[in-house]
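So the chains spell out like this:
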Amino acid sequence: MDEKFDCIIVGAGVAGLAAAMTLARNNMKFLLIEKGEFPGSKNVSGGVLWGNDLAKLVPDYWEEDAGWERFINHRRLTFMDDQSTFSVDFKSSHFNDPPYTGVVVLRSKFDRWLAEKVQEAIDASDYAMDSFIAPNVLVEEVLQKDGKTVGIKAGGDEFYSDSVILAEGVNNLLTRQVGLQDTYVPADHMLTGVKEVIRFDQKVLEDRFQLNGLSGMSNEFVGYATNGVEGGGFLYTNRDTISIGLVLGLKDLREKEQTPYDILNEFKKHPVIADTIRGGEVVEYSAHIVSSGDKRVMPEKLYKPGLVVCGEAANLLLNAGKAIQGMDYAMRSGILAAEAITKAKEKVDFGEEAMKSYQTALEDSYIMKDINNFQDAVHLLHDPVMTQKMPNLICDFGRNFFSIKNEPTPKSRNMLRGAIKRHASYWELIKLGAKSAKAL
Amino acid sequence: MKLLSLPERLGLVSYRNQAKSEIKPHILVDTDICNSTCPHKCTTYVCPANCYTKDENGKVHFQVEDCIECGTCMYACDQGAVTWKFPDPEIGRGVTWNFG
Ligand SMILES: Cc1cc2nc3c(=O)[nH]c(=O)nc-3n(C[C@H](O)[C@H](O)[C@H](O)COP(=O)(O)OP(=O)(O)OC[C@H]3O[C@@H](n4cnc5c(N)ncnc54)[C@H](O)[C@@H]3O)c2cc1C
Ligand code: SF4
Ligand code: SF4
């Protein structure tokens, strides 16, 4: 193929599709390559897409009955021991009207829908016949010549472009090939996610979770859910299914000799969860690596002449306990990457400095501000006092606080003291308290 | 609700090129390393699709057919035994998620 593109995007996940939409709107000639049968077919998330960038890409998306599952107006953070759960629960009609601040998605459906929207934007651009979304193609190599990015190689063919956006997700083989990430990335700051999609009669689902119309609930879990392994659990409501799963610290999993799908079954067997999912039918089991948000695993430099890396390929993710933010980071960083490429094209300069402006924009955005600010919270989530002792202590206190026994009731202060004594030392709590105060 | 075993769970996965008898494996494992110097053989318990197994003699075996492309073994194996690639869309295996 002699034709040269302004840009080739590798990967039609959230990051790649956001970049493509931005390029199409900016009248750029590009090729978006995806190895899956269709965009989304290879992707797994929890998943809630947080924030409102989606409305930038697809204005008034809420008026369409497609793509997304439910909007979140009900959030719950649950501490769990082997018998009990103690939750912080927040529901508000404040979140009922668009623009929503979080929508639940199933990637196989969502990415595919978003790709259709990108195709519409291509059709409306000057390059309706020259920009393409190409599924079923695996990019094998980024082509570089004299220190410059000149295109990619796929299926034995070479495709040329002024620039490449790597939006290949966390298993970022090409980011490694071009030398921006180490060839071997250790397990230390990675988690393995396992998930099931469970189907219900829609009416049963809506009644059980008190859903109204397209409202939805998100629930995160800390403690027994992960059976002693660092990490957490999640449960999100879709239209007529729920997404339930765990993210498990991979290094800890290795050290504790545990198996992800066995822990998932233990979680599902927990009396509170068993009541919640009763009568459902599992329709899919899936797994995927997810990064932790620990800066130590992020590539320092996200650009080279003619090339930028966005989304989870750049390990842009934050899991600070109350939510996993990977898709919104992918979306925003994809937009920023495409904007930098558009500017480079205007100035006919795809050099190092032009590409660096992408990373500068990223540093100035909420993504890097939050990642930088919440590093301590990320570490806290991997602190055994936080993930094990704390949930046990909280549930123990809850059990005492909510028991009415026809005998003199101790003051809550004493109940708390007892619970602390049984599960942790004051010293551990003081340390944890100090760390939490700093982290949040 | 009934808890599913791993084979039941994998039975719900849509794999690609399932009709093809010959597929090109996308992951190569140097099992000589597994069976000589590896101290933990962790992939035999952390792989979410149980592609790595230990036989009755403790010997590690790998099969790629059930792989769901999660990436876990690429990070978990710190012994340099795993060469990890994505499956070729035409002649590889790999997954197509229905929900994701
Ligand atoms: C269990 C779990 C739960 C999660 N929960 C949440 C959540 O609730 N909220 C949230 O925001 N995030 C969540 N995440 C994280 C989120 O899924 C990711 O951060 C997000 O998908 C990253 O988007 P991306 O576009 O960068 O990469 P991906 O979605 O991984 O997309 C990358 C794309 O590139 C393609 N590709 C890769 N290499 C090539 C190649 N060489 N050639 C061609 N195509 C290629 C892939 O097929 C894929 O389509 C979760 C993740 C997991 C695993
Ligand atoms: S960790 Fe690596 S070397 Fe050890 S058994 Fe698994 S694949 Fe083999
Ligand atoms: S990629 Fe995941 S499913 Fe495939 S063999 Fe490795 S750990 Fe197992």
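**Some thoughts on the site of ligand 2**
Part 1 of the argument: The environment of ligand 2 is made up of Ile33(B), Cys34(B), Cys38(B), His40(B), Lys41(B), Cys42(B), Thr43(B), Tyr52(B), Cys77(B), Gln79(B), Ala81(B) and Val82(B).
Part 2 of the argument: Class assignment for the residues of the shell around ligand 2 results in eight nonpolar, three polar and one charged.

**A closer look at unusual backbone geometry**
Part 1 of the argument: With an omega of -10 degrees, the peptide bond running from Gly46(A) to Gly47(A) counts as cis.
Part 2 of the argument: Relative to the assigned elements, Gly47(A) resides in the loop between β2 (30-33) and β3 (48-50).
Part 3 of the argument: In this model, Pro98(A) is joined to Pro99(A) through a cis peptide bond whose omega is 0 degrees.
Part 4 of the argument: Here Pro99(A) is to be found in the loop between β5 (85-91) and β6 (102-104).
Part 5 of the argument: We note that Asp60(A) has phi near 55 degrees; this positive angle belongs to a residue other than glycine.
Part 6 of the argument: Inspection of the secondary structure assignment puts Asp60(A) in the loop between α2 (54-57) and β4 (70-80).
Part 7 of the argument: On the basis of relative accessible area, Asp60(A) is assigned to the partly exposed category, the value being 39%.
Part 8 of the argument: The backbone of Asn17(B) shows a phi angle near 50 degrees, a positive value even though the residue is not glycine.
Part 9 of the argument: For Asn17(B), the location among the structural elements is in the loop between α1 (6-10) and β1 (27-29).

**Topic: the pattern of salt bridges**
Residues and elements named next belong to chain A.
Part 1 of the argument: Applying the stated rule across the entire model yields 30 salt bridges over all chains.
Part 2 of the argument: Residue lysine 4 pairs with aspartate 162 through a salt bridge whose shortest N-O separation is 2.8 Å. Taken as a pair, lysine 4 in strand β1 (residues 4-10) and aspartate 162 in strand β10 (residues 157-166) lie far apart in primary sequence, 158 residues in all.
Part 3 of the argument: Look at lysine 4 and you get partly exposed, because its relative accessible area is 46%.
Part 4 of the argument: The exposure class assigned to aspartate 162 is partly exposed, which follows from its relative accessible area of 25%.
Part 5 of the argument: Two residues, lysine 345 and aspartate 6, come together in a salt bridge whose shortest N-O distance is 3.1 Å. Separated by 339 residues along the polypeptide, lysine 345 in helix α9 (residues 327-346) and aspartate 6 in strand β1 bring together distant segments of the chain.
Part 6 of the argument: Lysine 345 sits in the partly exposed class, given a relative accessible area of 32%.
Part 7 of the argument: Given a relative accessible area of 7%, aspartate 6 falls into the buried group.

**What about the domain arrangement of chain A?**
Part 1 of the argument: Split into domains, chain A comes out as domain 1 (4-42 + 105-181 + 299-372), domain 2 (70-104 + 184-296) and domain 3 (383-439).
Part 2 of the argument: For domain 1 of chain A versus domain 3 of chain A, the separation of C-alpha centres amounts to 47 Å.

**Overview of a negative patch on the surface**
Residues and elements named next belong to chain A.
Part 1 of the argument: A contiguous patch of negative charge, built from Glu140, Glu141, Asp157 and Glu158, is present on the exposed surface.
Part 2 of the argument: Where the negative patch is concerned, the elements lending two or more residues are β8 (139-145) and β10.
Part 3 of the argument: Tracing the backbone through its elements, the reader meets glutamate 140 in strand β8.

**Considerations on the interface of chain A and chain B**
Part 1 of the argument: Each partner contributes residues to the interface: chain A has 57 residues there, and chain B has 40 residues.
Part 2 of the argument: Between chain A and chain B, the buried area comes to about 4100 Å², and carbon and sulfur atoms account for 59% of it.
Part 3 of the argument: Sorting the residues of chain A by area buried against chain B places Arg254(A), Glu284(A) and Tyr285(A) first, and these three jointly supply 17% of that buried surface.
Part 4 of the argument: Our count for the chain A to chain B interface comes out at five salt bridges.
Part 5 of the argument: Notably, a salt bridge pairs Arg254(A) with Asp78(B), separated by 3.7 Å at the nearest N-O pair.
Part 6 of the argument: Across the contact surface, chain A and chain B share 29 residue pairs in polar contact (both at pLDDT 80 or more).

**Things to note about α9(A)**
All names here are of chain A.
Part 1 of the argument: With 20 residues, α9 ought to run about 28 Å at 1.5 Å a step, and its terminal C-alpha atoms sit 29 Å apart, in line with that.
Part 2 of the argument: For α9, the tally of buried residues reaches 16 of 20 residues, placing the bulk of the element in the interior.
Part 3 of the argument: Backbone geometry just downstream of α9 places valine 348 in the positive-phi region, at approximately 50 degrees.

**Looking at helix α14 (residues 412-423) of chain A**
Part 1 of the argument: Spanning 12 residues, α14(A) covers 17 Å between terminal C-alpha atoms, matching the ideal 16 Å at 1.5 Å per step.
Part 2 of the argument: Considering only its buried residues, α14(A) is in contact with α13 (384-401) and α15 (426-439) of chain A.

**Some details on the site of ligand 1**
Part 1 of the argument: Residues in contact with ligand 1 amount to 39 residues; listed here are only the nearest, Glu34(A), Val48(A), Arg107(A), Glu312(A) and Met327(A).
Part 2 of the argument: One finds residues of chains A and B in close proximity to ligand 1.
Part 3 of the argument: At a separation of 3.1 Å, an oxygen atom of ligand 1 approaches a polar side-chain atom of Asn43(A).
Part 4 of the argument: Within the backbone of Gly326(A), a nitrogen or oxygen atom sits 2.9 Å from an oxygen atom of ligand 1.
Part 5 of the argument: For ligand 1, whose free accessible area comes to 1000 Å², the fraction covered by protein is 97%.
Part 6 of the argument: Broken down by secondary-structure element, the contributors of at least two residues to the shell around ligand 1 are α1 (14-25), β13 (231-237), β15 (281-291), β19 (324-325) and α9 of chain A.
Part 7 of the argument: It is β15(A) that contributes the most residues to the shell around ligand 1, three residues altogether.
Part 8 of the argument: Of the residues belonging to the shell around ligand 1, the class tally is 21 nonpolar, 12 polar and six charged.
Part 9 of the argument: Shared between two domains, the shell around ligand 1 holds at least three residues of each, these being domain 1 (4-42 + 105-181 + 299-372) and domain 2 (70-104 + 184-296) of chain A.

Reading the values: the criteria
- Residues numbered from 1 in each chain as written.
- Chains lettered and ligands numbered in written order.
- Predicted model: local features only at pLDDT ≥ 70, side-chain atom pairs only at ≥ 80, totals over all residues.
- Heavy atoms only, no water.
- Near = heavy atom within 4 Å.
- Nonpolar A, V, L, I, M, F, W, Y, C, P; charged D, E, K, R; others polar.
- Helix = DSSP H or I, 4+ residues; strand = E, 2+ residues; numbered from the N terminus.
- Buried < 20%, exposed > 50% of the residue type's maximum accessible area, 1.4 Å probe, protein only.
- Salt bridge = Lys/Arg side-chain N within 4 Å of Asp/Glu carboxyl O.
- Domains from an automatic or database assignment.
- Patch = residues over 30% accessible without salt bridge, like charges linked within 9 Å, V, L, I, M, F, W, Y side chains within 5 Å.
- Areas by Shrake-Rupley, 256 points an atom, 1.4 Å probe, with all protein chains shown as cover.
- Lys, Arg positive; Asp, Glu negative; His and termini not counted.
- Charge placed at Lys NZ, Arg CZ, Asp CG, Glu CD.
- Contact = heavy atoms within 4.5 Å.
- Buried area = accessible area lost by both parts, 1.4 Å probe.
- Polar contact = N/O pair within 3.5 Å; in protein donor to acceptor, adjacent residues only side chain to side chain.
- Expected span 1.5 Å × (residues − 1).

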